[in-house]
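Residue-level listing of the chains:
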Amino acid sequence: MTTYDDRASLTDLTAVVERVRGSVEDVIEGKPEVVRLSLTVLLAEGHLLIEDVPGVGKTMLAKALARSIDCSVQRIQFTPDLLPSDITGVSIWDQQRRDFEFKPGAIFAQVVIGDEINRASPKTQSALLESMEERQVTIDGTTYELPSPFMVVATQNPVEMEGTYPLPEAQRDRFMARVSVGYPSAEAELQMLDVHGGVSPLEDLQPVAHAHEILKLIEAVRAVHVAEPVRRYVVELVAATRTHPELRLGASPRATLHLLRAAKASAALNGREYALPDDVQALAVAVLAHRLLPTAQAQLNRRTAEQVVQEILQRTPVPAAAPRQNGIGVGRGGPRYGQQPPRRL
């Protein structure tokens, strides 16, 4: 349960989120919902997959988020000839010491940007599996811990494009959420011409938050309360994907955990110390859709995984307002379900 001190710390760290949000939005014009989802994944200790056509700012978003935080950053350009050891590292024989010396790979950073991840072979893509789930790397029988916080922000082009390899199910399942940047509005594109026409705004972007501040935010998100009806609602949504007739692969238990963590982060971004079903509904498509595999018949009918998740959201009963538990309410609505009105971060 969140204590008074936890709530005070959440208020004190509001400025940190605002600084990071403002810094990223200075680079990514007219996409506040995409920036918010990126921050939600960061605070929920997840990994983000950005999928869209070339030229819409996928890598720009990843770089802006990484440069806004004063932490170690590594960028990996995924190509067909990239080797797993280029990512994880390799042991090299040292003639002077007459022993093997480990040379860390690009994965040893707090924010790892994987550009066009689906242009590498499945063997190279699999090099990320251990690090993304267990936050460690095992080389030659020795396990190396990765720094904290640790986040992988990967971009990929649609599978239909030339020279791409579809991500395996195990890889997609390790990404907490998938987001599409999309084309900007006419006004945002016109403003982009003024801002980006001369020099890239990334050149002037300076860190506005420290890694230890992000760790404090993550601790505050962990303390967000999720009542039993909301937890049961999350489980019912995920379970519905496993029995849906238009899906041949539903969401995993890892997806259930990711959806819960993302809902807690969303509640914190809204200034609440308790999660609502609204937080779950707002994130269900981004967290679940990329893990699902439609049946052949559904594909023939041009049904997408996003549409199936929306249908499940409409059919699954939403928990009604419940009595307060230790001063924390449950259900839909506003301040009447909690002790204090929301403070949007």
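Just so we're clear, the structure is a prediction, and the values are computed from it rather than from any experiment.

(A) View of the layout of surface pockets. Considered as a void within the structure, the second largest pocket measures approximately 270 Å³ in volume. Per-element tally for the lining of the second largest pocket: the top contributor is helix 9 (residues 186-196), with four residues. Across the lining of the second largest pocket, the residue classes tally to nine nonpolar, four polar and three charged.

(B) A look at a nonpolar patch on the surface. Side chains of L190, M192 and L193 sit close together on the surface and give an oily, nonpolar patch of about 290 Å² of accessible area. Among the secondary structure elements, L193 is positioned in helix 9. Using a relative accessible area of 53% as the deciding quantity, one classes L193 as exposed.

(C) Structural context of the packing of helix 11 (residues 228-243) against helix 12 (residues 253-269). In the contact formed by helix 11 and helix 12, the axes pass within 10 Å of each other and the chain directions differ by 140°. Classified by the angle their axes make, helix 11 and helix 12 are oblique. Relative to helix 12, helix 11 is oriented so that their crossing is right-handed. In this structure, helix 11 uses R231, V234, V235, V238 and R242 to contact helix 12, whose residues at the interface are P253, T256, L259 and L260.

(D) How the structure looks around the sheet that holds strand 9 (residues 151-156). Read across the open sheet, the five strands follow the order 3-6-9-1-10; overall the sheet is parallel. Both outer strands of the open sheet, strand 3 (73-77) and strand 10 (177-179), are each paired with one neighbouring strand and no more. Strand after strand, the sheet turns through a mean of 15° between neighbouring axes, direction not considered. Of the strand pairs in this sheet, strand 1 (residues 48-51) and strand 10 are connected by three bridges, and their pairing is parallel. Considered in strand 10, the bridge of L48 is made with A177. Packed on one face of the sheet, helix 3 (residues 32-43) meets strand 1, strand 9 and strand 10 and runs near 160° to strand 10.

Quick notes on the rules
Residues numbered from 1 in each chain as written. Predicted model: local features only at pLDDT ≥ 70, side-chain atom pairs only at ≥ 80, totals over all residues. Heavy atoms only, no water. 1 Å grid on protein atoms, 1.4 Å probe; cavity = no way out; pocket = protein on both sides within 12 Å on 5 of 7 lines; lining within 4 Å. Points joined across faces, edges and corners; volume = space filled by probe spheres on them. Helix = DSSP H or I, 4+ residues; strand = E, 2+ residues; numbered from the N terminus. Nonpolar A, V, L, I, M, F, W, Y, C, P; charged D, E, K, R; others polar. Patch = residues over 30% accessible without salt bridge, like charges linked within 9 Å, V, L, I, M, F, W, Y side chains within 5 Å. Areas by Shrake-Rupley, 256 points an atom, 1.4 Å probe, with all protein chains shown as cover. Salt bridge = Lys/Arg side-chain N within 4 Å of Asp/Glu carboxyl O. Buried < 20%, exposed > 50% of the residue type's maximum accessible area, 1.4 Å probe, protein only. Axes fitted to C-alpha atoms, helices over the stretch in contact; angles between N-to-C directions. Parallel < 35°, antiparallel > 145°, perpendicular 65-115°, else oblique. Left-handed = near helix turned anticlockwise from the far one by under 90°. Contact = heavy atoms within 4.5 Å. Pairing = 2+ DSSP bridges.

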